[in-house]
Amino acid sequence: MMQATKEIKEQLNELYERASKHGQYQTLPDKLATALEMQFEVNEEWRGDRTRYPVIKGYLAKNKCNSVLDIGANTGYFSLSIADDIEGSQITACELNKTHARIIELLAKVGGYNEFRVTDRSANMEHIGDFGKFDCALHLNILHHAGHDFDKELVPDREAFMQYGKKYLKMFGSSVDRMIFQMGYNWGGDKTLPLVGRDDQAGKIAFTLDLMDGAGWEIEGVALAKKGDKDLPIAYDVYSLHEIKGEKGTQKWLEERYGADVWSEFYQRPLWLCKAKR
């Protein structure tokens, strides 16, 4: 086993050295980092997965979600963490980048996660309903890349994005019961092409509420970032839709909440906890 782990570590080091658009965004889950004696540093004040994971784990546990689809899994932090933390879970990690997909496969082998599947199938409009039925899906920071990284012909400009997004997420809701959703508010990640202004925090709330309402998703909770502690520099509180439609969705309240501590645009993207309307 030690020899096998050593060989996998060598393969992982080689794979991680390959450059990619979203390379080394994620750390390794603690259990795997210990087994492999390796870890990657991420500036968690800028962006992070450990910071968001308590919200994800809590929502899955609360709703007894065992089958989970992770769209755009990157190098698998969430998929692998869920496989370790939720007994009996069945995980499908979808990652179009073949290098990243191979990294996830190797890490799942180290963890001994048998009910774990990796696919590099596209999650575009044509294939979004082809993954099978799931209790919950993670759809994190993928949709705003439509028109750039995928479905270019369907989203030729920003004006087409909202209509496309509603149709896409409605189709997705036919195969998953729940979804944890997050998106960026610059089309394609391009700061010169905002869907909502950088500092328009209330506008981000309103934009996503419109998107989800038109796509047939019920909002069960909205997680908003705040200053954390020594272990995690950013933490989240979950609010109800009623609260978020009131004072907690206003520009003034959100500006005061974020202040100077939540300065990263990444953390100013709410996490949406959603249930498909059927």
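Refer to the structure printed above.
Conventions we followed
Residues numbered from 1 in each chain as written. Predicted model: local features only at pLDDT ≥ 70, side-chain atom pairs only at ≥ 80, totals over all residues. Heavy atoms only, no water. Axes fitted to C-alpha atoms, helices over the stretch in contact; angles between N-to-C directions. Helix = DSSP H or I, 4+ residues; strand = E, 2+ residues; numbered from the N terminus. Parallel < 35°, antiparallel > 145°, perpendicular 65-115°, else oblique. Left-handed = near helix turned anticlockwise from the far one by under 90°. Contact = heavy atoms within 4.5 Å. Nonpolar A, V, L, I, M, F, W, Y, C, P; charged D, E, K, R; others polar. Buried < 20%, exposed > 50% of the residue type's maximum accessible area, 1.4 Å probe, protein only. Core = buried A, V, L, I, M, F, W, Y, C linked by side-chain atoms within 4.5 Å. Expected span 1.5 Å × (residues − 1). Polar contact = N/O pair within 3.5 Å; in protein donor to acceptor, adjacent residues only side chain to side chain.

Colleague: Can you help me understand the packing of helix α6 (residues 161–172) against helix α7 (residues 201–215) in this one?
Modeller: Packed helices, taken two at a time, are described by the angle between their axes plus the distance between the axes. Between α6 and α7, whose axes approach to 8 Å, the crossing angle comes to 50°. With respect to each other, α6 and α7 are oriented oblique. α7 is crossed by α6, and the crossing has right-handed handedness. Seen from α6, the contacting residues are F161, M162, G165, K166, L169 and K170; seen from α7, they are F207, D210, L211, M212, G214 and A215. Tallied by class, residues from the contact of α6 with α7 come to seven nonpolar, two polar and three charged.

Colleague: How should I be thinking about the environment of I82 in this particular structure?
Modeller: Counting through the fold element by element, I82 comes out in helix α4 (residues 77–85). What makes I82 buried here is its relative accessible area of 1%. Between the alpha carbons of I82 and L154 there is a distance of 33 Å; along the sequence they are 72 residues apart. Once residues within four sequence positions are removed from consideration, I82 is found in contact with Y53, I56, L60, V68, S89, I91 and L138.

Colleague: How do you make sense of the nonpolar core when you look at a structure like this?
Modeller: Looking at soluble globular proteins, one finds that nonpolar side chains tend to be buried together. By size, the foremost hydrophobic cluster in this structure holds 96 residues, and its most contacted members are F116, L169 and F181. Counting residues per element, this core draws most heavily on helix α5 (residues 98–111), which supplies seven residues.

Colleague: Could you clarify how one ought to interpret α5 in this entry?
Modeller: An α-helical turn contains 3.6 residues, so any two residues separated by three or four positions project in the same direction. The end-to-end C-alpha separation of α5 is 20 Å, in line with the 20 Å expected for 14 residues at 1.5 Å each. Of all 14 residues making up α5, ten are buried, and the element is well covered by its neighbours. Those residues of α5 not exposed but buried are T99, H100, A101, I103, I104, L106, L107, A108, V110 and G111. For α5, the N-terminal capping position is held by N97, with its side-chain oxygen 2.9 Å away from the main-chain nitrogen of T99. Remark: G112 follows α5 within two positions and exhibits a positive phi of approximately 75°.

Colleague: Would you mind going over α4 with me for this structure?
Modeller: With respect to burial, α4 is a largely interior element, seven of its nine residues being buried. Listed as buried for α4 are Y77, F78, S79, L80, S81, I82 and A83.

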